[in-house]
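Each chain, written out:
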Amino acid sequence: DPNSGLHQSSQLENRPIQLIELKAQGRFGSVWKAQFKSEEVAVKIFPIQDRQSWMTEKQIFSLPSTDHPNILQYIGAEKRDDNLTTEFWLITAYHENGSLCDYLKANTITWSELCKIAESMCRGLAHLHESTATKSTIAHRDFKSKNVLLKRDLTACIADFGLALTFESGKSCGDVHGQVGTRRYMAPEVLEGAINFNCDSFLRIDMYACGLILWELVSRCNFQVGSIPEYQLPFEEEVGSHPTLEDMQENVVQKKVRPVIQPHWRKHSGLNVLCDTMEECWDHDPEARLSASCVVERIIVQNRYLQP
Ligand code: ADE
């Protein structure tokens with residue numbers, strides 16, 4: 001590309017960043033704890049074949065509307081070239097608690113922590129989904145507990161926009177591949193390979209995954225006396241750690257299996273409302289699912305009036 005030099009004009013120099021510790025290895029590259037001047041930052045390194053994912057993430061983070069307390073804070077994006085390899089870096093805030101998935105593996109949570117995490121996570125999702133005069137709707141398309149990070153105060157922020165789509169009002173999204181994301185969190189209509197998704201369909205697909213994450217939170221809540229079971233991913237009991245597409249189709253589409261809601265959760269008035277909420281998020285019928293802003297309202301009300 002003879003013009004590639006021009007495209008770089010906004011970022012000629014790489015920032016002085018020292019990689020400190022490898023924190024996670026994902027489908028798209030690796031995440032490092034790093035130091036930038038006196039600041040701790042996170043660096044996600046994409047290999048050259050995942051350039052598109054880096055581009056998408058960079059574009060989403062560059063929108064003024066993604067500056068929000070419940071969306072991971074963006075610092076910058078860089079192309080790193082040495083003589084041998086090219087890497088694409090994405091630099092963001094670093095959160096010592098890591099992902100919600102990691103946190104739930106290592107910790108149980110109280111009812112009030114659960115409410116705080118769930119509310120802040122859904123506020124982030126509601127903000128992404130919202131469309132206003134100055135903001136287009138954003139569908140995440142890979143919403144899962146690994147892509148929700150926990151800040152020091154246990155409020156959540158949403159990360160990983162490598163598959164995200166923006167929708168300008170009135171426009172259709174054009175030709176995009178529908179069956180993307182993580183199999184375990186795929187909604188039934190995605191598993192079925194239904195085509196012609198429009199903006200609302202993508203938001204409903206995110207909401208299905210949101211229901212599964214609410215279940216993960218409740219499964220590690222220590223409101224219950226006695227021992228709390230080890231953390232399990234959604235459907236881990238049913239399909240194990242590495243489900244195939246066929247495993248997921250058989251369970252989620254044909255048998256309409258959903259994660260088990262334990263009967264004793266329903267005895268707690270606040271949790272009972274949250275159990276109804278997750279069921280309305282993972283409904284087989286996409287049109288029956290709650291919106292993110294509606295889930296935020298439910299959580300606020302349940303937290304205000306229905307203490308354990
Ligand atoms: N894992 C993935 N992204 C991270 C971040 N920004 N901070 C901490 N852990 C992470």
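Residues numbered from 1 in each chain as written. Predicted model: local features only at pLDDT ≥ 70, side-chain atom pairs only at ≥ 80, totals over all residues. Heavy atoms only, no water.

Peer 1: Explain the environment of glutamate 113 here, please?
Peer 2: You can see glutamate 113 is positioned in helix H4 (residues 111-129). Classification of glutamate 113 as partly exposed rests on a relative accessible area of 24%. Residues glutamate 113 and valine 225, 112 residues apart in the sequence, show an inter-C-alpha distance of 17 Å. If near-sequence neighbours (up to four positions away) are discounted, glutamate 113 is found in contact with Thr108 and Leu154. (Helix = DSSP H or I, 4+ residues; strand = E, 2+ residues; numbered from the N terminus. Buried < 20%, exposed > 50% of the residue type's maximum accessible area, 1.4 Å probe, protein only. Contact = heavy atoms within 4.5 Å.)

Peer 1: Would you explain the layout of surface pockets in this entry?
Peer 2: Where empty space is left can be seen by rolling a probe of water-molecule size over the atoms. Computed from the structure, the largest pocket encloses a volume of approximately 1300 Å³. Residue lining of the largest pocket: 45 residues in total, with Gln25, Gly26, Lys144, Lys146 and Asn147 positioned closest to the centre. When contributions to the lining of the largest pocket are tallied by element, the ones reaching two or more residues are strand S1 (17-25), strand S3 (39-47), strand S5 (86-93) and helix H3 (100-106). Considering only residue class, the lining of the largest pocket consists of 17 nonpolar, 14 polar and 14 charged. (1 Å grid on protein atoms, 1.4 Å probe; cavity = no way out; pocket = protein on both sides within 12 Å on 5 of 7 lines; lining within 4 Å. Points joined across faces, edges and corners; volume = space filled by probe spheres on them. Nonpolar A, V, L, I, M, F, W, Y, C, P; charged D, E, K, R; others polar.)

Peer 1: Just checking my understanding: could you explain the pattern of salt bridges for this structure?
Peer 2: Oppositely charged side chains can form a pair if their charged atoms are brought close together. All chains considered together, the criterion is met by 14 salt bridges. Here arginine 80 ties to glutamate 78 by a salt bridge, and the two come within 2.8 Å at their closest N and O atoms. Among the residues examined, arginine 80 registers a relative accessible area of 17% and is labelled buried. When the shortest N-O distance is used, the salt bridge between glutamate 119 and arginine 123 registers 2.8 Å. In this pair, glutamate 119 and arginine 123 both sit in helix H4, four residues apart, roughly one turn of the helix. (Salt bridge = Lys/Arg side-chain N within 4 Å of Asp/Glu carboxyl O.)

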